[in-house]
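Listed below are the residues making up each chain.
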Amino acid sequence: MKNPDSEDSFEAEEDDSYDAVVVGSGYGGSVAACRMSIAGLKVCLLEKGRKWESQDFPTDTLRMISAVRIDNRNLGVSFGPNNALFQVHIEDDSLAATACGLGGGSLVNAGVMLPTPARARRDPRWPKPWEKDWDVYVGSASEMLRVQNIPFEFQHSKIMQQVIDHNEYEKNIHSNPMKLSMSFDIEEHVPESRKSLETSGNCLACGNCLSGCPYNAKNSTDKTYLISAIQAGCTIKTECEVQYVVRNNEEEDFKGRRSTRRWLVFLNEFDYITCDMVILSAGVFGTAKILFQSRLRGLSVSEKLGSGLSCNGNNVAYLDRSAAPLNAFGLSKNQFSNIPFRERPGPSISSSYTSSLGFTIQGAVIPTAYPCFIFKGITTYKRQYRNSLLLLDIIDRLKHFITGSKHNQSAMVLNAMGYDESKGKLTFEKNTNKITFLPPHDPLLPKKIEAFQKIAKKLGGTLFMSRYRSTSVHLLGGCIVSTDVSSGVCNSEGQVFDRSSSSGVHSGLYICDASLIPCSVGINPCLTIAAAAEHVSKNLVLNATKYVRNFVGNKNYVQKRGLVSKFKTKKRCDKEVTTKEVMRGEIGGMPCAAYLKLRFDSLENSEKSRRNLRGEVGGYILCKGIETDKMYIVHGEVDLCKIDTKTPYTQYMHYHLLIAASSGSRYVFEGRKIMNPYLVGLYAWRESTTLDVTLRKITNNIGENAINLKGKLRISFLELLKSAYALEGRSKYKFIFLLMQSLLTTYIVQKPRGSLVTFAPTKFAREPYPNSTIHEVQTDEDCVIYCRHWICDYSQTELNQQKKLYPVLLINGYSTESYCLPTEPNDLVRTLLKQGRDVWLLKTRLDPSNNSSDILSIEDIGTTDIPAAMNIIKIFYGESKSTKVHVVAHCVGGLAIHISLMGGHISCKYIASLSCTNSSMFFKLTASSLFKMRLPLVQMSMAIMGKNKTLPLLQTSNASFRHRLLKSIARLIPRYERCSYDECEVFSGIFGNTFWHENVSESMHHWTNKENLPKLPM
């Protein structure tokens, strides 16, 4: 019957933010989700497997095979669905079986609920704080799981009783009436229809418990704890596997979805859910794998992660052709009408016998869906009659075919449990992202085999023993409880230890499943796990509610009935495009490689084509000179068509990555490909395949070494072909079209995207510029120039100077202003005044504000203008004081000051220091620049201008035909950066790019072109 609280699919909520996220839904996770939801917290439970309804469980061999995934490490093969109901792991001489689905192992176990033996609770590794209210937690779990006694003994239990009672182990103790988490309401009548069978809700004694109850009789966690959680508002998302968790540090440069939640729970390299509390309950393998992968991304955990693995002393045997009527084979649906209730096989396990030697033996009914060949030779080896096995099987199959019955009265599974050393090991393979396991030594294994042989001898028949040293269905440990970080992974409250924190634990990170059990329990551990989860959940709820109340506050969260749903990424499944990209190069002189995975959301709206080229980035960076291990991308964004309004003709491919290393360090990786429409894409290949990189280490501790490295990464032609081949998604051709369209727009069409013309200067309130005095200076040639003088107000300076500092003389370049920039709060003039220096700015005869003669020469500036200015400064301060001057000169000004000094027009004794800057802040000499330098462009320009050598630059100014012609030619001159301001285009066409647009603000760019230079003396 389909659960009314479920849906076929569910789009991810707009706000993927929760108070708590529980990973896994077995006997640990379901308890935590239930208790926190009832406490009023906003909870989300994530489950790798699907939701299984009663009619979905396999009832025949074909369906059973399709519900199994086998990972054979010996053969190096894996087959079956990733979220298959049964997960079988084979490695070396060991086999482990786990379950995957909403409800975890409770879906396919026998539901045996036995209290934790005193021997396990006396183990030194058993946490003492659990003992205080252990019986209370056991009672609470038993009540929630609706534990009931088996009403009477079934046939195979009676036979086992007879065998055990006559066994030589006289001290064997017969367990109390078996308690199962099942519903028993004995009815002798048979339900009339198949539908009533499926919805009966009571145990029909069919014996198919180990393949999933097809009649809704088993009280698995999805029908107990999780129903209560849903009713309290818990959101459950199935078919999503959590990969790792990362702490959300707010001070780091996260873009996109920002959150104040403490943790990010990643479902893949791109999608994550934010929360304040994370409860890991993904089973022994799942929880350990999440922590291993999280450690690679900087999570500090105990070195004991993976230690303390226990297989609970599990070993399995199969008895076939017994002379006794065992009646231990499951019934199909069409067999109920022929068999009374008391004569049916009964629950899978209805009797349990514990030996004084320290192990427990249980007989189990074989589900009708289990293929017999699994027990006959595939996972077992035969102890007797080896040569006649094939013949006997053929006879059996002929007999069943003739009689039309699959009911096997003479077969049974024997399961042994005990106390192994609990010193097994889980390890993580970085290259394959898989868990490997090494079971602990089991000192009782020979005794168990001997017990199996004696039972088989009593019952007669063929005994098939497991091929594996350990055949475990009850994995425990791997993230064990301990008192300190040196001997365990978490404390008795389930809090994960943090080796790097003063508090000793990770705030908000918990373990709540079989992983934390530190030793074997010797019997079916379901009730033990649930009781431990009840203990962890009690303290978890207290901590979570306190944190939410103090730090999160009231978010007006209204509790409503929750949902069980499949997880889907936000509206992307049908339109996303993914690919891979590999770039190699160097950063800071060290070899570096970036292995990136990119995901784009390609919508069909062509008006948003630029937005469609924005995506997310996963993968890792490998630079062993910085970190020995891979540096994984925690959060990454890419924009293949990023636009800057300062350079509307330029296209940027921008990468912004936050990467984390296993050492705990985090870095910000900024990369940019710059594509300019220079000479119709002459450098298109080099620009589109070269990434300029900056790698910056995030430092939060004083004294920690800062890293800020630069370099270049490149993608080869072969890797580019691989990236194109790796494109996946229904919209991949649309994505290729949009990308090519953007490149054609940049290099061929050369159409601007955005413009600085729309800049409104009124948006920027200019601060009042410091007061200055204009000094008129008469040169030796009777030419009038000016010096602008700012006197420092020492009461406003940053430092209280005991001694006055030397003044500074600023000499501009050709025509343009470089130092006095009224739009910039920290221009050089303001900066020098704050330092306590007087500032002088020389306005030479080349300055447009000077009405100088038509004869303009750089030599005149060096021989007359600068000496005249130095003379004014000496007069102002008094020559007797031997005042010296710091000189800062730009471009032509630097050439002129050298003429003054080397020609002897001023004395070096008056110069405190000299600083000359280039004609460009970041000079880039291209091949075309070298070509232009060899052309008679100056003579050609002068010839075009005629007698009027002053060129009006403003687009709105009146200009003669000759001036308009020169400006038109200037616009056509190729330049590395193009601009949407006509004045900037003309100026750059004449002189080349005098600055990179990204280095100047919009307000400065507007002032430079529209206000500062209305005309240009040539």
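Predicted model, so just to flag it, every value in this text is computed and none were measured. (Residues numbered from 1 in each chain as written. Predicted model: local features only at pLDDT ≥ 70, side-chain atom pairs only at ≥ 80, totals over all residues. Heavy atoms only, no water.)

1. Things to note about the environment of Tyr-683
Turning to step 1, where the next piece is worked out: Summarising the element assignment, Tyr-683 is placed in the loop between strand 33 (666–675) and helix 13 (684–689).
Turning to step 2, where the next piece is worked out: Residue class for Tyr-683 comes out buried when judged on its relative accessible area of 17%.
Turning to step 3, where the next piece is worked out: Placed 64 residues apart in sequence, Tyr-683 and Tyr-747 show a C-alpha to C-alpha distance of 9.7 Å. (Helix = DSSP H or I, 4+ residues; strand = E, 2+ residues; numbered from the N terminus. Buried < 20%, exposed > 50% of the residue type's maximum accessible area, 1.4 Å probe, protein only.)

2. Points about the environment of Thr-689
Turning to step 1, where the next piece is worked out: The topology assignment puts Thr-689 in helix 13.
Turning to step 2, where the next piece is worked out: Since its relative accessible area comes to 6%, Thr-689 is described here as buried.
Turning to step 3, where the next piece is worked out: In sequence terms Thr-689 and Ser-716 are 27 residues apart; their C-alpha atoms lie 7.5 Å from each other.
Turning to step 4, where the next piece is worked out: For Thr-689, the contacting residues outside a window of four places in its chain are Leu-713, Arg-714 and Ile-715. (Contact = heavy atoms within 4.5 Å.)

3. With respect to the packing of helix 17 (residues 858–877) against helix 18 (residues 892–902)
Turning to step 1, where the next piece is worked out: Put simply, helix 17 and helix 18 touch, their axes get as near as 8 Å, and they point 65° apart. Relative to helix 18, the element helix 17 lies roughly perpendicular. Crossing of helix 17 over helix 18 shows right-handed handedness. Of the residues in helix 18, those touching helix 17 at Ile-858, Glu-859, Ile-861, Gly-862, Thr-863, Ile-866 and Pro-867 are Val-892, Leu-895, Ala-896, Ile-897, Ile-899 and Ser-900.
Turning to step 2, where the next piece is worked out: For the contact of helix 17 with helix 18, the residue count by class is nine nonpolar, three polar and one charged. (Axes fitted to C-alpha atoms, helices over the stretch in contact; angles between N-to-C directions. Parallel < 35°, antiparallel > 145°, perpendicular 65-115°, else oblique. Left-handed = near helix turned anticlockwise from the far one by under 90°. Nonpolar A, V, L, I, M, F, W, Y, C, P; charged D, E, K, R; others polar.)

4. Observations regarding the environment of Asp-185
Turning to step 1, where the next piece is worked out: Here Asp-185 lies in the loop between strand 10 (179–180) and helix 6 (194–198).
Turning to step 2, where the next piece is worked out: C-alpha of Asp-185 to C-alpha of Leu-204: the two residues are 19 residues apart in sequence and 8.8 Å apart in space.

5. A short note on helix 17
Turning to step 1, where the next piece is worked out: End to end, helix 17 covers 28 Å across 20 residues, agreeing with the expected 28 Å (1.5 Å per residue, within 8%).
Turning to step 2, where the next piece is worked out: Just past helix 17, the residue Gly-878 takes up positive phi, approximately 90°. (Expected span 1.5 Å × (residues − 1).)

6. A word on the packing of aromatic side chains
Turning to step 1, where the next piece is worked out: Applying the stated criterion to the full structure yields 22 aromatic pairs.
Turning to step 2, where the next piece is worked out: Considering the side-chain rings of Phe-152 and Phe-154, the 4.9 Å spacing of their centres and the 45° angle between planes classify their relative orientation as tilted. The residues Phe-152 and Phe-154 share a single accessibility class, namely buried.
Turning to step 3, where the next piece is worked out: A ring pair is formed by Trp-840 and Phe-876, whose centres lie 5.5 Å apart and whose planes are at 75°; its orientation type is edge-to-face. A residue pair is termed long-range when its members are at least 10 positions apart, and Trp-840 in strand 39 (residues 839–843) and Phe-876 in helix 17 qualify at 36 residues.
Turning to step 4, where the next piece is worked out: For Trp-840, a relative accessible area of 0% gives the class buried.
Turning to step 5, where the next piece is worked out: Taken together, the ring pairs connect Trp-126, Trp-130 and Trp-134 into an aromatic cluster.
Turning to step 6, where the next piece is worked out: Here the guanidinium or amino end of Arg-978 rests over the ring plane of Tyr-649, the centre of that ring lying 4.5 Å away.
Turning to step 7, where the next piece is worked out: The ring centre of Tyr-981 lies 5.1 Å from the NZ or CZ of Lys-1010, which sits over that ring. (Phe/Tyr/Trp six-rings, centres within 6.5 Å; stacked < 30°, edge-to-face > 60°. Lys NZ or Arg CZ within 6 Å of the ring centre and 35° of its normal.)

7. Considering the pattern of salt bridges
Side chains carrying opposite charge are able to pair once their charged atoms draw close together.
Turning to step 1, where the next piece is worked out: In the structure shown here, the tally under the stated rule is 30 salt bridges.
Turning to step 2, where the next piece is worked out: We note a salt bridge from Lys-673 to Glu-581, for which the minimum N-O separation is 3.4 Å. Taken together, the residues Lys-673 in strand 33 and Glu-581 in strand 28 (residues 576–587) connect sequence positions 92 residues apart.
Turning to step 3, where the next piece is worked out: Note on Lys-673: relative accessible area 2%, which makes it buried.
Turning to step 4, where the next piece is worked out: For Glu-581, a relative accessible area of 9% translates into the label buried.
Turning to step 5, where the next piece is worked out: The network of salt bridges with shared partners includes Asp-271, Glu-576, Arg-599 and Glu-616. (Salt bridge = Lys/Arg side-chain N within 4 Å of Asp/Glu carboxyl O.)

8. With respect to the sheet that holds strand 28
Turning to step 1, where the next piece is worked out: Within the closed barrel, the eight strands sit side by side as 28-29-30-31-32-33-34-35. Their pairing is antiparallel. Strand after strand, the sheet turns through a mean of 30° between neighbouring axes, direction not considered.
Turning to step 2, where the next piece is worked out: In the sheet, strand 31 (residues 631–644) pairs with strand 32 (residues 647–660) via nine bridges, with the strands oriented antiparallel. From the neighbouring strand, Asp-644 faces strand 32, where its bridge partner is Thr-647. (Pairing = 2+ DSSP bridges.)

9. Concerning the packing of helix 1 (residues 29–38) against helix 11 (residues 526–552)
Turning to step 1, where the next piece is worked out: Following both chains from N to C, one finds helix 1 and helix 11 inclined at 35°, their axes separated by 9 Å at the closest point. Between helix 1 and helix 11 lies a crossing whose hand is right-handed. Along its contact with helix 1, which presents Val-31, Ala-32, Arg-35 and Met-36, the element helix 11 presents Ala-530, Ala-533, Glu-534, Ser-537, Leu-540 and Val-541.
Turning to step 2, where the next piece is worked out: In the contact of helix 1 with helix 11, the residues fall into seven nonpolar, one polar and two charged.

10. A short note on the sheet that holds strand 36 (residues 773–778)
Turning to step 1, where the next piece is worked out: Judged by pairing direction, the sheet is mixed, and its six strands sit side by side in the order 36-37-39-38-40-41 without closing on themselves. Sheet topology places strand 36 and strand 41 (911–917) at the edges, where each strand pairs with a single neighbour. For this sheet, the mean angle separating the axes of adjacent strands, direction not counted, is 20°.

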